[in-house]
Amino acid sequence: MQNTRQIMELSPCEYKLKNSSHEEVFLTFQSLLENKVLCDIKLVTEDDNFIFCHKVVLASTSSYFHAMFTQFAEKNLNSVVIKQLDFTDLQLIIQYLYFGEIKISEKNVKGLLQAANLLQLQKVEEACCIFLYAQLVLTNCCSINALADLYGCTELKNISELYIGHYFSQIVEREEFLFMSLEEIVNLITSEEIVVLSEAKVFECVILWVKHDLESRNHFLPQLMEHVRLPLIPNKYIFKNVVGESLINNCLKCKDYVNEALHFHSLKSDDFVTIPNNIRTKPRQRGDSHKGILVVGGMWKSEAMSSGTEWYDPTFNQWQSVPQLNTLRLSGGLAVIKNNFVFYMGGYNSKGTYKSLDILDLSSTCPTWKTSVDMLVTRRHLGVGTINNYIYAVGGCDGYSCLNSAEVFDCTTQEWRMVSSMSTRRNFVGVGVLNNLLYAVGGYDSKDTLNSVECYNPCLDKWTPVAEMRERRCSMGVGVIDDVLYAVGGQNGLISLRSVEAYRPSTGVWTTIPQMHYRRCHAGVAVLEGVLFVVGGFDGASKLNSAEFYRPNTNSWTMVPAPMNASQIYLGAVTIDNPRYFKTFHS
């Protein structure tokens, strides 16, 4: 008789018995906790509340408790005081150690972050940081930055500092600014990331902060003025507002900084080599080179054909609406050249299918979509790939039939030309570029959903079949990271898919990787700094406004904390440089 909880593996000389009931062990521990049975340790908080637990469970789920109950004096005690923690926070942590889940909210995140930091629960600490990252706004960015600094959350601290720097002019006008500590003020005004029209704003905020509590702060003025870049302030302002400031006149060191600035302005251009080499004479070097994700051409209203265009800034975890296409349409092809020129081609709306090409120059001071040269073939649900300065439009549907044709746009000559056709008609096809070769993945041929893949070599103008995917897919997203081609989600002809598979030309084999959190077809896919982002899509029942990303080094998916402004399907996604003339932030 076979025991369903036990599996026996046979070999010619031995057998191995596996007990598959280990998951039930924790169910038993949970029951013991709830009923306070066989508990051998009492955790006491400083307010004299306590929780009964089991040493073996705590030691097996926390390195902090493992060390406590195996290496230190507490191993022989049946009661331990956990200092610095609130009873409610400790209770949530114990529930997490037994049940594997924890709910983070605005009310408990500060306490949980403290508890996770003390008890060395890295995953809980990371979850708290992700939550705070998603909550980052003008009213709390300074307190979040202080929390991140207190508990050594480096990434959250860096992000909040960038955020504060960008919002500097607004933050120094808020009441919270006046109650910042000296260290926080120094960190703020020394940052290279401050966004100000003039260094005069930095001078004004220093004077304002000192005057708010003049008696206790006046002696900090020289330390603060050391970091104000007075030489970069117009000479007229210095004479009018700085020289006449009583706090400056009563401080000898501060008067030295004023004289330095006046001397700077008196120098002729050929005398600039004599300027002292210090931070006060150097303009702030803001890091504006970070990248983001642009999504275009998605349907976001169920009652009408509408398209949404948004840009996601991962540094600040925010979605921002950006210029719309001149002719609203969806399910077109999206490409980017040199991270700054975005091309949207084809697509359809209630009036029909298009072959038009629109271009958005992100480096322009007023980015707007401009019409360019039409494709040679009308296409929707097409795949697009770029190789150098060439954009390939592949397959799709002309409004009546599935296509196997492909064409290429030369960005230098601004001309389209046809290239060799694929061996298979492919509507809702995914396209990726790997090693200067174009891969057409899956699709729909008007009869079946496909798992076949073919590869185009521009040098030979020839398509060649490659290994088939493990699953049939159309309407999937395709991305490439480190010589690996990923086919993400899609439909198999019956349902939307969570599954993802990867192809390595070196092995010629498709392999499965972990599934996404959500089923997604008609989603946008983009690769940003070695991370695969999947945006929006359709889960089989409704449109999605969520996004998630896959890190190959951890082989895991993570949800993007911020939702899109609208749920979208049939969208394209590309990675772009920070669009400096888009509005990036909202409060």
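To be clear, the structure that these remarks concern was listed above.
Residues numbered from 1 in each chain as written. Predicted model: local features only at pLDDT ≥ 70, side-chain atom pairs only at ≥ 80, totals over all residues. Heavy atoms only, no water.

### Some points on the overall build of the chain
Note the cut-off: In this description a helix means any DSSP run of H or I spanning at least four residues, a strand means any run of E spanning at least two, and both kinds are numbered starting from the N terminus. Categorising residues by exposure relies on relative accessible area from a 1.4 Å probe, with only protein chains included: less than 20% of the type maximum marks a residue as buried, more than 50% marks it as exposed, and the intermediate range marks it as partly exposed. Any two residues having at least one pair of non-hydrogen atoms within 4.5 Å are treated as being in contact. Accessibility throughout is a Shrake-Rupley quantity obtained with a 1.4 Å probe, and a residue counts as covered only by protein chains that appear here.
A tally of regular secondary structure across the chain gives 17 helices and 31 strands. Taking all 587 residues of the chain together, 49% fall into the buried category. Long-range pairs, those at least 24 residues apart, make up 54% of the contacts in the chain between residues at least 6 apart in sequence. With the model as given, the accessible surface of the chain reaches about 28800 Å², and the carbon-plus-sulfur share is 50%.

### Quick notes on the sheet that holds strand β14 (residues 369-371)
Cut-off, in case you're wondering: Should DSSP find at least two bridges between two strands, the strands are regarded as paired. A fitted line through C-alpha atoms represents every axis, and for helices the fit uses only the stretch in contact; the resulting angles, taken between N-to-C directions, go from 0 to 180 degrees.
What the four strands build is an open sheet, ordered β9-β10-β13-β14; its pairing is antiparallel. At either end of the open sheet lies a strand with only one pairing partner, and these are β9 (333-337) and β14. Taken over all neighbouring pairs, the strand axes of this sheet differ in orientation by 25° on average, direction set aside. Taken together, the five bridges between strand β10 (residues 341-345) and strand β13 (residues 357-361) define a ladder with antiparallel strand orientation. Residue pairing across strands places Phe343 opposite Ile359, the latter belonging to β13.

### A look at the environment of His227
Its place among the elements puts His227 in the loop between α14 (221-225) and α15 (235-242). For His227 and Val206, which are 21 residues apart along the polypeptide, the C-alpha to C-alpha distance reads 9.9 Å.

### Quick word on the packing of helix α11 (residues 182-190) against helix α12 (residues 200-212)
Under the convention used in this document: With respect to orientation, any angle under 35 degrees is reported as roughly parallel, any angle over 145 as roughly antiparallel, any angle of 65 to 115 as roughly perpendicular, and every other angle as oblique. Gly falls in the polar group here, along with every residue not listed as nonpolar (Ala, Val, Leu, Ile, Met, Phe, Trp, Tyr, Cys, Pro) or charged (Asp, Glu, Lys, Arg).
Contact pair α11 / α12: the axes reach a minimum separation of 11 Å and the direction vectors enclose 175°. It follows that α11 is roughly antiparallel to α12 by the angle criterion. Contact residues: Leu182, Ile185 and Ile189 in α11; Val202, Cys205, Val206 and Trp209 in α12. When its residues are assigned to classes, the contact of α11 with α12 shows seven nonpolar, no polar and no charged.

### Focus on a negative patch on the surface
Here is the rule we go by: Here a patch means residues that are over 30% exposed by relative accessible area and free of salt bridges, tied together within 9 Å if like-charged and within 5 Å if nonpolar (Val, Leu, Ile, Met, Phe, Trp, Tyr). In what follows, salt bridge is the name for a side-chain nitrogen of Lys or Arg lying within 4 Å of a carboxyl oxygen of Asp or Glu. Charge convention: Lys and Arg are scored as positive, Asp and Glu as negative, and His as well as the terminal groups of each chain are ignored. One atom stands in for each charge, and that atom is NZ of Lys, CZ of Arg, CG of Asp or CD of Glu.
Taken together, the side chains of Glu46, Asp47, Asp48 and Asp86 define an acidic patch exposed on the protein surface. In this structure, Asp47 sits in the loop between β3 (41-45) and β4 (50-53).

### Let's talk about the packing of aromatic side chains
So the rule is basically this: For this analysis, a ring pair means two rings from Phe, Tyr or Trp (six-membered ring only for Trp) whose centres lie within 6.5 Å, classed as stacked if their planes differ by under 30 degrees, edge-to-face if by over 60, and tilted for the remaining angles. Working rule: Lys NZ or Arg CZ, within 6 Å of ring centre, within 35 degrees of ring normal, means a charge sits over the ring.
A complete count under the given rule lists 16 aromatic pairs for this structure. Taking 4.8 Å as the distance between ring centres and 35° as the angle between the ring planes, the aromatic pair formed by Tyr312 and Trp319 counts as tilted. Here the two residues Tyr312 and Trp319 agree in accessibility, since each one is buried. Directly above the aromatic system of Tyr354 lies the positively charged group of Arg329, at a separation of 5.7 Å from the ring centroid. Looking at Arg380, its charged tip hangs above the ring of Tyr348, at a distance of 4.5 Å from the centre.

### A look at the pattern of salt bridges
Applying the stated rule across the entire model yields 13 salt bridges. When the shortest N-O distance is used, the salt bridge between Glu471 and Arg473 registers 4.0 Å. The structure contains a network of salt bridges with shared partners spanning Glu471, Arg473 and Glu501.

### Here's the deal with the pairing of strand β22 (residues 462-466)
Pairing of strand β21 (residues 453-457) with β22, which is carried by five bridges, proceeds in the antiparallel orientation. Its bridge partner lying in β22, Cys455 is registered against Thr464. Between β21 and the antiparallel strand that follows it, β22, lie four residues; Asp461 among them carries a positive phi value of about 50°.

### Focus on the environment of Thr464
Position of Thr464 relative to the elements: it lies in strand β22. Sequence-wise, Thr464 and Val453 are eleven residues apart; in three dimensions their C-alpha atoms are separated by 8.7 Å. Residues contacting Thr464, with those up to four places away along its chain left out, are Val453, Glu454 and Cys455.

### Concerning α11
Stated formally: Note that the arc is computed from the directions linking the helix axis to the C-beta atoms.
Of the residues making up α11, those classed as buried are Leu182, Ile185, Val186, Leu188 and Ile189. Around the axis of α11, the buried residues are gathered within 165° of arc, so they sit on the same side.

### Re the sheet that holds strand β29 (residues 547-551)
Ordered in space as β27-β28-β29-β30, the four strands form an open sheet in which the pairing is antiparallel. Where the open sheet ends on each side, the last strands, each with one partner, are β27 (524-528) and β30 (556-559). Looking at each pair of strands side by side, their axes are set apart by 25° on average, direction ignored. Sheet topology places strand β28 (residues 531-535) next to β29; four bridges connect them, and they run antiparallel. What sits directly across from Val534, in β29, is Glu548.

### Observations regarding the nonpolar core
Basically, it comes down to this: As used here, the term nonpolar core means buried Ala, Val, Leu, Ile, Met, Phe, Trp, Tyr and Cys residues forming a set that is joined through side-chain atoms within 4.5 Å.
Ranked by size, the top nonpolar core spans 102 residues in total, and within it Leu43, Leu58, Ile94, Phe203, Met225 and Leu230 carry the most contacts. In terms of residues, this core owes the most to one element, α12, which gives eight residues. For Ile94, the contacting residues outside a window of four places in its chain are Leu33, Leu43, Ile51, Cys53 and Leu58.

### Brief notes about the side chain of Thr45
Structurally, Thr45 is set in strand β3. Once residues within four sequence positions are removed from consideration, Thr45 is found in contact with Ile82, Leu85, Asp86, Phe87 and Leu90.

### Comments concerning the state of the cysteines
Worth spelling out the cut-off: The criterion for a disulfide is a pair of cysteine sulfur atoms lying within 2.5 Å.
Counted according to the given criterion, the structure contains zero disulfides. No disulfide involves Cys397; its nearest neighbouring cysteine sulfur is the one of Cys402, lying 5.8 Å away.

### Points about the pairing of strand β17 (residues 406-410)
A regular strand places its side chains so that they alternate between the two faces of the sheet. With five of five residues buried, β17 is to be regarded as a mostly interior element. A two-sided burial pattern is seen for β17, the buried positions comprising Ala406, Val408 and Asp410 on one face and Glu407 and Phe409 on the other. Counted along the chain from β17 to the antiparallel partner strand β18 (residues 415-419), the turn is four residues long, and its residue Gln414 has a positive phi close to 60°.

### Some details on α15
Three or more residues of α15 are buried, namely Tyr237, Ile238 and Val242. Down the axis, α15 shows its buried residues gathered within 100° of arc, on one side only. Turned more than 90 degrees off the buried face of α15, the exposed positions are Lys236, Phe239 and Lys240. Buried-residue contacts for α15 involve α12, α16 (246-249) and α17 (252-266).

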